[in-house]
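Each chain is listed here by its residues.
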Amino acid sequence: MDLGIAGRRAIVIGGSQGLGYAVCERLAAEGAELLLFARDAARLTDACARLQRAHGVRADACAGDITRAEDIDRLAVQAAEKGGAQILVLNTPRPPSPMRDFLQENDDARWEQGYQQQLHGALLVLRKLTPLVAAGGCGRVVAITSASVKQPMPRHAISTIYRAGVQAALKHLAMEVAAQGVTVNAVAPATVITPTFSTFHNLEQRIQAVPLKRAGKPEELAATVAFLVSEYAGFITGETIQLDGGQTLALC
Ligand SMILES: NC(=O)c1ccc[n+]([C@@H]2O[C@H](COP(=O)([O-])OP(=O)(O)OC[C@H]3O[C@@H](n4cnc5c(N)ncnc54)[C@H](OP(=O)(O)O)[C@@H]3O)[C@@H](O)[C@H]2O)c1
């Protein structure tokens, strides 16, 4: 199925590894051009080279930190210089580790780190880059959040609390840019195996708790994102798609 995104330009935040890189792979396979943003310049350059080699598409890097407004401004300038972008994928850093319950979170530094990475950084990206994506008339914004935005999970307090703010921002944004033909959606994963996720100590226990009795694959998340940015998803906006093997028990 041709998703109709060949030649479109996509900005992928946190695109150098894990879920973000899997999204880059899938969008590149569909013929999209990529601009990857993350902190580690060497890993970014390597990721871009792999994407170009495998898919023959243009892939550029912008090294920066999602929590720094000046870095997001620089990313916006770089994207504009390359002709703009029609697709924005917002992937955020992992919350402070180890994950804890609300009343165990007594360290203000962890709250500040979670705020900066999960909420402040996400809002910077959405505020500063959506106008660029909207300028083309058929923009697509997709955020990778967490299944906890629909059903809070034990030990995920910082993540859940700040991502709820992101969820609210996505709803506002979806309403505000709909008239410009821009859709804004989220994919909410749980138990999708990435190199970082597989280091968790209770991995096997987590997988057994999944109704489908297996972990998710980054390619499955990437395919969902690719659908949401495709021509076929033009009437879906303000939506959150769970990608969790049936773990979320919320009714909607
Ligand atoms: N896998 C799951 O089942 C699952 C479930 C719920 C939620 N999530 C969420 O999905 C997201 C991605 O997970 P993952 O396992 O793919 O993470 P990951 O492997 O740690 O990758 C994170 C990406 O973000 C970049 N990044 C980290 N800190 C950054 C910063 N301050 N500024 C800019 N870029 C930054 C990383 O590159 P640099 O380090 O070079 O910056 C990397 O490209 C996380 O927010 C995670 O909590 C995943």
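As a reminder, the structure under discussion sits directly above these lines.
Only a predicted model underlies this, so the values are computations on that prediction, with no experimental measurement involved. (Residues numbered from 1 in each chain as written. Predicted model: local features only at pLDDT ≥ 70, side-chain atom pairs only at ≥ 80, totals over all residues. Heavy atoms only, no water.)

## Concerning the pairing of strand 1 (residues 9–13)
Selection criterion: Buried means the residue's accessible area, taken with a 1.4 Å probe over protein chains only, is under 20% of the maximum for its type, while exposed means over 50%, and partly exposed covers the values in between. Strands here are runs of E lasting at least two residues and helices are runs of H or I lasting at least four, both read from the DSSP assignment and numbered beginning at the N terminus. A pair of strands is considered paired only if DSSP assigns at least 2 bridges between the two. The handedness rule is simple: strands pointing away from the viewer, and a clockwise path from the first strand over the helix to the second, make the crossover right-handed.
Across the five residues that make up strand 1, a large majority, four, are buried. The pairing of strand 1 with strand 2 (residues 33–38) spans five bridges and is classified as parallel. Bridging from a neighbouring strand, I13 pairs with F37 of strand 2. With respect to chirality, the unit in which strand 1 leads through helix 1 (residues 18–29) into the neighbouring parallel strand 2 is right-handed. Pairing geometry for strand 1 and strand 4 (residues 87–91), over three bridges, is parallel.

## Brief notes about the pairing of strand 3 (residues 59–63)
With five bridges connecting them, strand 2 and strand 3 associate as parallel partners. When the sheet's bridge partners are listed, F37 is paired in strand 3 with C62. In terms of handedness, the path from strand 2 via helix 2 (residues 41–55) over to strand 3 forms a crossover that is right-handed.

## Considering a nonpolar patch on the surface
Formally: Residues qualify for a patch when their relative accessible area is over 30% and they have no salt bridge, like charges being joined within 9 Å and the nonpolar side chains of Val, Leu, Ile, Met, Phe, Trp and Tyr within 5 Å. Note that accessible areas follow from Shrake-Rupley with a 1.4 Å probe, and for residues the cover is restricted to the protein chains shown. The salt bridge definition used is simple: a Lys or Arg side-chain nitrogen within 4 Å of an Asp or Glu carboxyl oxygen.
On the surface, F102, L103 and I161 cluster together into a nonpolar patch covering about 350 Å² of accessible area. Judged by relative accessible area, which is 73%, L103 ranks as exposed.

## Observations concerning the sheet that holds strand 3
The following threshold applies: Fitted lines through C-alpha atoms serve as axes, helices being fitted only where they are in contact, and the angles separating the N-to-C directions of these axes extend from 0 to 180 degrees. By the convention used here, residues are in contact when the closest approach between their heavy atoms is within 4.5 Å.
Pairing within the open sheet is parallel, and its seven strands lie in the order 3-2-1-4-5-6-7. The open sheet has two edge strands with one neighbour each: strand 3 and strand 7 (240–243). Direction aside, neighbouring strands of the sheet carry axes that sit 15° apart on average. Two strands pair when backbone bridges link them, and strand 4 and strand 5 (residues 140–144) are joined in this way by five bridges, in the parallel orientation. By the bridge assignment, L90 is partnered in strand 5 with A143. Where helix 7 (residues 218–228) meets the sheet, it contacts strand 4, strand 5, strand 6 (183–189) and strand 7, and its direction lies at approximately 170° from that of strand 6.

## What about the pattern of salt bridges?
Enumeration according to the criterion identifies 11 salt bridges in this entry. D60 is paired through a salt bridge with K82; the nearest N and O atoms lie 3.7 Å apart. With D60 in strand 3 and K82 in the loop between helix 3 (69–81) and strand 4, this pair connects stretches of sequence that are 22 residues apart. Look at D60 and you get buried, because its relative accessible area is 16%. Counted as one network, the salt bridges with shared partners bring together R68, E70, D71 and R74.

## Some words on the environment of A122
With respect to the helices and strands, the residue A122 is situated in helix 4 (residues 108–134). Separated by 86 residues in the primary sequence, A122 and Q208 have C-alpha atoms spaced 31 Å apart. For A122, the residues in contact, after removing those within four places along its chain, are I66, L90, T92, Q117 and V166.

## Some thoughts on the packing of aromatic side chains
The line we're drawing: Working definition: a ring pair exists when centres of Phe, Tyr or Trp rings (six-membered ring for Trp) sit within 6.5 Å. Plane angles under 30 degrees give stacked, over 60 give edge-to-face, the rest tilted. Throughout this description, the term charge over a ring refers to an Arg CZ or Lys NZ atom that lies within 6 Å of the ring centre and within 35 degrees of the ring normal.
Throughout the structure, instances matching the rule amount to three aromatic pairs. When the centroid spacing of 6.0 Å and the interplanar angle of 85° are considered together, the rings of F102 and W111 count as edge-to-face. Look at W111 and you get buried, because its relative accessible area is 17%. Here W111 and Y162 contribute two aromatic rings whose centre-to-centre distance is 6.0 Å and whose plane-to-plane angle is 80°, an arrangement assigned as edge-to-face. Of the two residues, W111 is situated in helix 4 and Y162 in helix 5 (residues 157–177); the sequence distance between them amounts to 51 residues. The buried category is assigned to Y162, whose relative accessible area is 13%. Chaining the aromatic ring pairs together yields one cluster made of F102, W111, Y115 and Y162. One cation-aromatic arrangement involves R50 over Y21; the distance from NZ or CZ to the ring centre is 4.6 Å.

## Overview of the environment of A209
Mapping A209 onto the fold places it in the loop between helix 6 (203–208) and helix 7. Note: C-alpha distance between A209 and T191 (18 residues apart in sequence) is 9.5 Å.

## What to know about the site of the ligand
The cut-off we apply is this: Put simply, a residue is near a molecule or strand once any heavy atom of it comes within 4 Å of that molecule or strand. The term polar contact refers here to a pair of N or O atoms within 3.5 Å; inside protein, the definition further demands a hydrogen-donor-capable atom paired with an acceptor-capable atom, and it admits residues adjacent in sequence only when both atoms are side-chain atoms. Classes in brief: Ala, Val, Leu, Ile, Met, Phe, Trp, Tyr, Cys and Pro nonpolar; Asp, Glu, Lys and Arg charged; the others, Gly included, polar.
The environment of the ligand is formed by 29 residues, the closest being S16, T92, R163, V192 and T194. Between the ligand and T92 there is a distance of 2.7 Å, counted from an oxygen atom to a backbone nitrogen or oxygen. In the environment of the ligand, an oxygen atom lies 2.9 Å from a nitrogen or oxygen atom belonging to the side chain of T196. Protein contacts shield 94% of the accessible area of the ligand, which totals 910 Å² for the unbound molecule. Each residue belonging to the shell around the ligand can be placed in one class, and the counts come to 10 nonpolar, 13 polar and six charged.

Coordinates in, geometry out; function isn't part of it.
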